[in-house]
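Below, each chain spelled out in residue letters.
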Amino acid sequence: MAAAEGRLVAEGRASLAAFLLGASVAALPLLARAGLQGRAALALHVAGINALLLLLYRPPLYKIAIRACFLGFAFGCGLLLSLGQSSWKHFGWYMCSLSLFHYSEYLVTAINNPRSLSLDSFLLNHSFEYNLAALSSWIEFTVENFIYPEMKQITWLSTVGLLMVIFGDCLRKAAMLTAGSNFNHIVQNEKSDTHTLVTSGVYGWFRHPSYVGWFYWSIGTQVLLCNPVCVVGYTLASWRFFRERIEEEEFTLIHFFGEEYLEYKKEVPSGLPFIKGVKVEL
């Protein structure tokens with residue numbers, strides 16, 4: 001048991017070190033001042049970090065490190081865009097938000113529930129629909145930025161989106177930390193000996209705070225990007241996904257906890273608009 005816990009701790013530490021190494025791409029302007037320009041500096045940076053990861057880690061840690069490094073690299077590139085004054089500035093905010101969301105999913109799981117930790121904890125392969133939605137938002141931003149760049153520089157609107165993103169992600173991580181080992185990215189069909197019903201903290205506000213956080217985070221990313229089409233699309237798709245997910249999960253929770261969960265369900269709302277959860281016939 002101690003060896004397994006040590007291995008999982010090592011996974012979390014490896015991911016954090018790799019994320020920070022990837023994020024160091026934000027220091028590229030310093031390399032440029034030293035005489036290395038553009039692509040040469042970027043190529044040297046990427047090659048150097050990958051070589052370092054290969055030296056430091058062997059599978060399976062390398063598989064973890066390379067994913068965390070990729071997310072750190074995206075975060076660092078987002079910082080560089082954010083500091084600029086081009087029409088892509090707010091896309092930099094988005095890159096930072098997206099990469100930090102996915103990396104923090106892994107890190108919080110490593111801290112909170114290492115028994116369930118896996119490569120899937122990054123949520124990079126969440127689903128085909130999720131990846132398609134992300135691609136659609138990038139295409140919309142690029143096309144609209146090319147046609148009407150001023151549309152992508154509405155700073156007050158992007159700031160509202162950024163605040164939604166921060167609120168949503170903080171709420172989700174608070175839910176994960178509050179639930180502890182009870183939290184899992186996959187709906188559980190069998191109750192473990194340590195599985196308890198969590199009703200304190202943010203679970204006293206909403207029955208499904210992690211879903212509430214993700215819902216507003218996802219919509220916030222599109223408000224941040226000033227993507228009118230994807231704002232509507234993300235809202236409808238996310239609402240439908242979480243309605244179905246909550247109903248599926250509540251069937252399981254009622255099976256696990258019976259009357260205890262039904263009483264909790266009466267007192268605490270789901271947290272998502274017009275979603276009441278599974279209907280129980282008395």
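As the structure is a prediction and not an experimental result, all values here were calculated from the model.

Q: What's the story with the overall build of the protein in this structure? I'm lost.
A: Within the protein one finds 10 helices and zero strands. Walking the protein from its N terminus toward its C terminus, one meets helices and strands in the order α-α-α-α-α-α-α-α-α-α. For 282 residues, the compact-globule estimate of 2.2 N^0.38 gives 19 Å, and the protein sits close to it at 21 Å. Seen through its C-alpha atoms, the protein measures out along the principal axes to roughly 75 × 50 × 30 Å. Put simply, 76% of the contacts in the protein that link residues at least 6 apart link residues at least 24 apart. Summing over all exposed atoms, the protein offers an accessible surface of approximately 15,200 Å²; the carbon and sulfur share of this is 67%. Charged side chains of the protein number 21 positive and 21 negative; the gap between the two group centres comes to 8 Å.

Q: I keep staring at the nonpolar core and nothing clicks. Help me out?
A: Note that soluble globular proteins tend to have their nonpolar side chains buried in a common cluster. Within the largest apolar cluster, 40 residues are counted, with the highest numbers of intra-cluster contacts made by Y203, W214, W217 and L272. Listed by contribution, the elements that provide at least two residues to this core are helix 5 (89-112), helix 6 (128-147), helix 7 (155-179), helix 8 (209-224), helix 9 (228-257) and helix 10 (259-267). Here this core gets eight residues from one element, more than from any other, and that element is helix 8. Ignoring any residue separated from it by four or fewer positions in sequence, one finds W217 in contact with S97, L98, F101, Y130, M164, V165, G168 and D169. Residues A18, F19, C96 and L117 belong to the second largest nonpolar core, which totals 20 residues.

Q: Is there a simple way to think about the side chain of S270 in this case?
A: Note that S270 resides in the segment after helix 10. At 3.3 Å, the side chain of S270 and the backbone nitrogen of L272 are in polar contact. One polar contact links the side chain of S270 to the main-chain carbonyl oxygen of I275, over a distance of 2.4 Å. Those residues within four positions of S270 in sequence are excluded, and the remaining contacts are F206, R207, H208, V212 and I275.

Q: Just checking my understanding: could you explain the packing of aromatic side chains for this structure?
A: The tally for this structure, following the rule as stated, stands at 17 aromatic pairs. Ring geometry for F101 and W217: centres 4.1 Å apart, planes at 20°, overall stacked. With a gap of 116 residues between them, F101 in helix 5 and W217 in helix 8 connect regions that are remote in the sequence. Between F256 and F257 the ring centres are 6.2 Å apart and the planes differ by 85°, which places this aromatic pair in the edge-to-face class. Since its relative accessible area comes to 11%, F256 is described here as buried. Put simply, the rings of F101, Y130, Y211, W214, W217, F241 and F242 touch in pairs and so form one group of aromatic residues.

Q: Whenever I open this one, helix 6 confuses me. Can you help?
A: Think of an α-helix as turning once every 3.6 residues; residues three or four places apart then point the same way. Taking 1.5 Å per residue as the helical rise, helix 6 with its 20 residues ought to reach 28 Å, and the 28 Å between its terminal C-alpha atoms agrees with that figure. Within helix 6 the residues assigned to the buried category are Y130, A134, S137, E140, F141, E144 and N145. Taken around the axis of helix 6, the buried residues stretch over an arc of 125°, which confines them to a single face. What points out from helix 6, more than 90 degrees from its buried face, is the exposed set F128, E129, F146 and I147. Packing partners of the buried residues in helix 6 comprise helix 5, helix 8 and helix 9.

Rules used throughout
Residues numbered from 1 in each chain as written. Predicted model: local features only at pLDDT ≥ 70, side-chain atom pairs only at ≥ 80, totals over all residues. Heavy atoms only, no water. Helix = DSSP H or I, 4+ residues; strand = E, 2+ residues; numbered from the N terminus. Rg over C-alpha atoms; globule rule 2.2 N^0.38 Å. Contact = heavy atoms within 4.5 Å. Areas by Shrake-Rupley, 256 points an atom, 1.4 Å probe, with all protein chains shown as cover. Lys, Arg positive; Asp, Glu negative; His and termini not counted. Charge placed at Lys NZ, Arg CZ, Asp CG, Glu CD. Core = buried A, V, L, I, M, F, W, Y, C linked by side-chain atoms within 4.5 Å. Buried < 20%, exposed > 50% of the residue type's maximum accessible area, 1.4 Å probe, protein only. Polar contact = N/O pair within 3.5 Å; in protein donor to acceptor, adjacent residues only side chain to side chain. Phe/Tyr/Trp six-rings, centres within 6.5 Å; stacked < 30°, edge-to-face > 60°. Expected span 1.5 Å × (residues − 1). Arc of directions from axis to C-beta.

Geometry only, nothing functional implied.
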